[in-house]
Amino acid sequence: MPTGVGGGGGRPGVRRAAAMEYLAFWLLVSCGMKFANCLQDTDLPQAPAPIPEEKLLVLTVATEETDGFLRFMQSADYFKYNVKVLGMGQRWKGGDVGRSIGGGQKVRLLKEAMEGLADQEDLVVLSVDSYDLIFSAGPEEILQKFQQANHKVLFAAEGLVWPDKKLADKYPSVRSGKRYLNSGGIIGYAPYINGMVSQWNLHDNDDDQLFYTKIYVDPLQRQTLNVTLDHKCQIFQNLNGAVDEVLLKFGTGSARVRNTVYDTLPAVVHGNGNTKMYLNYLANYVPDTWNHERGCGHCDDGVLDLSKLKEYPVVLVGVFIEQPTPFLPEFFQRLLTLDYPKDKLKVFVHNNEVYHEKHIQKFWEENRNVFSTFKVVGPEENLSQGEARNMGMDLCREDATCDYYFSLDSDVMLTNRQTLKLLIEQNRKIIGPVVTRHGKLWSNFWGALSLDGYYARSEDYVDIVQRKRVGMWNIPFMAHVYLVKGSALRTELKERNYFVLEKLDPDMAFCRNAREMGVFMYITNRQDFGRLISTANYNTSHYNNDLWQIFENPVDWKEKYIHQNYSKIFTENYLEEPCTDVYWFPIFSEKACDEIVGEMENYGSWSGGTHEDKRIAGGYESVPTDDIHMRQIGYDKEWLHFIREFISPITLKVFSGYFTKAYSIMNFVVKYTPERQAYLRPHHDTSTFTINIALNNKDTDFQGGGCRFHRYNCSLKSPRKGWSFMHPGRLTHLHEGLPTTNGTRYIAVSFIDP
């Protein structure tokens, strides 16, 4: 039997296996070559050409130009969308869609508009709401994302079923993303959009979302019209039920809204349901409203140039004094010094405090002819805060010549004289300046509200208060100081009872009413406008109550009571050394001197200058003066704080290396008169150093007086009101009080670090 074929040897099974491998190899090579030829000879499927931007038409329904609509148009104009507005000027008959079903009028208007567009097969129609919606990206991005969705119609999606929850089970299941339709955003080719809306045969107050939902949950309609939802918010971001999913994403030169669940950047942001305040927050940044690089991008939009007006607008200033308020005379002085023509200012004052009647009377007597009108409603009228604020606003609302209403609470210190002009120039319906309490985060606005309508801190609140972010901000609540256009009071805000609502605080009632009317409220921190006074713990039982405000309102206390040249001690070495180690410097204002003297005289229990003194340890004073101790009038704590804040820095300057503890148990006001005690014999003070502040004027209030230092044979005979001596108390500076020959001389003395 032959052992091989064709000269080959080996077993037949082996030869057959080798042949099979050979054939398999060439089959593979052949297929590979054919596949390569196919690649060369046959074109692969190409991506569809991008849809030109001019083929996108935005349709929106708006019957009036609300603040929300104007904001929508600004965002559309920013991205150069082609927008057609439907229904402008028509009466809205679609119901109250914010509280119940409705919105059918939008479908009817869209149906009418689509009749003339239905034959444009390559036209893409984007139908969106406008009162509570903004764009965050341009047409190119939206069209690209629409093409990627690969459907003829795409609806916005959300995680909540509205308005018929019974339809939830009819929705197609989704593995990931929002399952339910929202009609606030629709994009699709014109014939297919027309195919949907042409089915509308209902009433204007029927529900638009229910109409679209029934089309979508019908499998045949869904397939025929090729409809899907934007499940992962590629284009449409509805905020209702999704606020926690959304954050601001700051990029180079702009901000975007980012959905953190799906890691998408939606191009349309819709504040549906009760999320309009959060949309307002987002719209403070998007699109390009504010960013870290350029700051505010809209602050100069639509501003009013007062210099180009023939005459300044008429402003009614409503002043509200609703509780005892420190520094009220200074408040009125700041009102008087506002840089605005006084003949264009009308003043309405509501005073709810009998204590302040004297302050108002004095201001009125001195300035009654300065303002155009000046009306005061006092505590005898027994008006509530809400009633008083309604009255003030009504005075402007009913006066056709009133261009602006400026509401100003008495706890606002406007340090910027341009405040009123600056607010008017921003040209907003309601706008207020940011004012804060010194050293605190307490301000006159809230950046957000809690679910029950009270304070909640927005992400940007601290930065706005501290002016790390500067601009103009749409916020949900403001108080204390704001400007309202008179035209708005006679249109959107024409109701007369905005400050009384349920059990709400008047300011909360006003802001809630403004929000419900769709009127935006802005605050601006573009300049430093002033501060809020703390009215807490304001005790009116003293003769001069503001003296006690050194803790609660330190800035205002300093402005009122510290000498205007005090800071020059450190910047210009503004002090004198009339005797060796005796330093002389300005410390108190005239007002401080007068009020301290007045407080002591009101107390009236002068010691008489006798050696027996039960006020001090041991009950005996070796060098007595006719005085009243600060402790007697309840001012010891405040006086020691004054020493720490204003005397200690000077001590460190003039006695180099000595840092005082600012501790003192002897703080008093001395009264020198020829009749009771005219002088003080030579003595040393029981102190490391002493301050001696002149509280009234030589030659005007008294003659004589002064101080002589024996060791240096040096006398100071012409003390200046508000100026203080500072000198060592022990060993080196034996001194005496020179005789007061006429009148009454007052000095404030402290023995420091005994």
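Details of the layout of surface pockets
And step 1. Reported here for the second largest pocket is a volume of approximately 740 Å³.
And step 2. Lining the second largest pocket we find 28 residues, and of these Pro329, Glu330, Lys560, Lys591 and Glu595 sit closest to its centre.
And step 3. If you list the elements that add at least two residues to the lining of the second largest pocket, you get helix H9 (328-336), helix H10 (357-367), helix H16 (554-561) and helix H18 (590-603).
And step 4. Across the lining of the second largest pocket, the residue classes break down as ten nonpolar, seven polar and eleven charged.

Considering the environment of Asn602
And step 1. Structurally, Asn602 is set in helix H18.
And step 2. For Asn602, a relative accessible area of 46% translates into the label partly exposed.
And step 3. Here the alpha-carbon distance between Asn602 and Asn259, two residues 343 residues apart in the chain, equals 67 Å.

Quick notes on the nonpolar core
Soluble globular proteins: nonpolar side chains tend toward being buried together.
And step 1. By size, the foremost hydrophobic cluster in this structure holds 82 residues, and its most contacted members are Phe406, Trp557, Phe588, Trp639, Phe642, Ile647 and Leu695.
And step 2. Looking at this core, the element that brings in the most residues is helix H19 (residues 636-654), giving eight residues.
And step 3. In this structure, Trp557 is in contact with Phe327, Asp546, Leu547, Gln549, Ile550, Ile562, Phe588, Tyr635, Phe642 and Phe646, ignoring residues within four places of it in sequence.
And step 4. Grouped together as the second largest cluster of nonpolar side chains are 53 residues, Phe348, Trp446, Val484 and Phe510 included.

Description of the packing of aromatic side chains
And step 1. Tallied over the entire structure, the rule returns 49 aromatic pairs.
And step 2. Ring centres 6.1 Å apart and planes at 45 degrees place the aromatic pair Phe371 and Phe374 in the tilted group. By the burial criterion, Phe371 is buried, and Phe374 matches it.
And step 3. Judged by centre distance (5.9 Å) and plane angle (55 degrees), the ring pair of Tyr574 and Trp723 falls under tilted. You can see Tyr574 sitting in the loop between helix H17 (568-571) and strand E29 (576-579) and its partner Trp723 sitting in strand E38 (residues 723-728), a full 149 residues away along the chain.
And step 4. Judged by its relative accessible area of 9%, Trp723 is buried.
And step 5. Counting every residue linked through ring pairs, the aromatic cluster contains Trp557, Tyr561, Tyr566, Phe570, Phe588, Trp639, Phe642 and Phe646.

Here we look at the sheet that holds strand E2 (residues 83-86)
And step 1. Spatial ordering of the open sheet is given by E2-E1-E3-E6-E5-E7, a layout of six strands whose pairing is mixed. For this open sheet the edge positions go to E2 and strand E7 (227-230), each flanked by a neighbour on one side alone. Between one strand axis and the next, the sheet turns by 30 degrees as a mean value, whatever way the strands run.
And step 2. Most of the contacts of helix H3 (residues 104-114) go to strand E1 (residues 56-61), to which it runs at about 145 degrees, and overall it touches E1, E2 and strand E3 (124-128).
And step 3. Against the sheet, helix H4 (residues 139-149) engages E1, E3, strand E5 (153-158) and strand E6 (180-189), with an angle of about 100 degrees to E6.

Looking at helix H5 (residues 190-197)
And step 1. Among the residues of H5, Ala190, Ile193, Asn194, Met196 and Val197 are the ones counted as buried. The buried residues of H5 occupy one face: seen down the axis, they fall within an arc of 160 degrees.
And step 2. Of the surrounding secondary structure, the elements contacted by the buried residues of H5 are H3, E3, E5, E6 and helix H6 (208-217).

Comments concerning the pattern of salt bridges
And step 1. Counted by the stated rule, this structure contains 44 salt bridges.
And step 2. For Glu245, the salt bridge identified is with Lys178, shortest N-O distance 2.6 Å. Placement of the pair is Glu245 in the loop between strand E8 (236-238) and strand E9 (246-251) and Lys178 in the loop between E5 and E6, with a sequence separation of 67 residues.
And step 3. The salt bridge partner of Arg720 is Glu576, with a shortest N-O separation of 2.9 Å. In this pair, Arg720 sits in the loop between strand E37 (714-716) and E38 while Glu576 sits in strand E29, placing the two residues 144 residues apart along the sequence.
And step 4. Among the charged side chains, a network of salt bridges with common partners joins Asp96, Arg99, Glu502, Arg512 and Glu516.

Side note on the sheet that holds E8
And step 1. With mixed pairing, the three strands of this open sheet are ordered in space as E4-E11-E8. Bordering the open sheet on either side are strand E4 (133-135) and E8, each of which pairs with just one other strand. Within the sheet, the average angular offset between the axes of one strand and its neighbour, ignoring direction, is 15 degrees.
And step 2. Pairing of E8 with strand E11 (residues 268-270), which is carried by three bridges, proceeds in the parallel orientation. What sits directly across from Asn238, in E11, is His270.

Thresholds, definitions, all that
- Residues numbered from 1 in each chain as written.
- Predicted model: local features only at pLDDT ≥ 70, side-chain atom pairs only at ≥ 80, totals over all residues.
- Heavy atoms only, no water.
- 1 Å grid on protein atoms, 1.4 Å probe; cavity = no way out; pocket = protein on both sides within 12 Å on 5 of 7 lines; lining within 4 Å.
- Points joined across faces, edges and corners; volume = space filled by probe spheres on them.
- Helix = DSSP H or I, 4+ residues; strand = E, 2+ residues; numbered from the N terminus.
- Nonpolar A, V, L, I, M, F, W, Y, C, P; charged D, E, K, R; others polar.
- Buried < 20%, exposed > 50% of the residue type's maximum accessible area, 1.4 Å probe, protein only.
- Core = buried A, V, L, I, M, F, W, Y, C linked by side-chain atoms within 4.5 Å.
- Contact = heavy atoms within 4.5 Å.
- Phe/Tyr/Trp six-rings, centres within 6.5 Å; stacked < 30°, edge-to-face > 60°.
- Pairing = 2+ DSSP bridges.
- Axes fitted to C-alpha atoms, helices over the stretch in contact; angles between N-to-C directions.
- Arc of directions from axis to C-beta.
- Salt bridge = Lys/Arg side-chain N within 4 Å of Asp/Glu carboxyl O.

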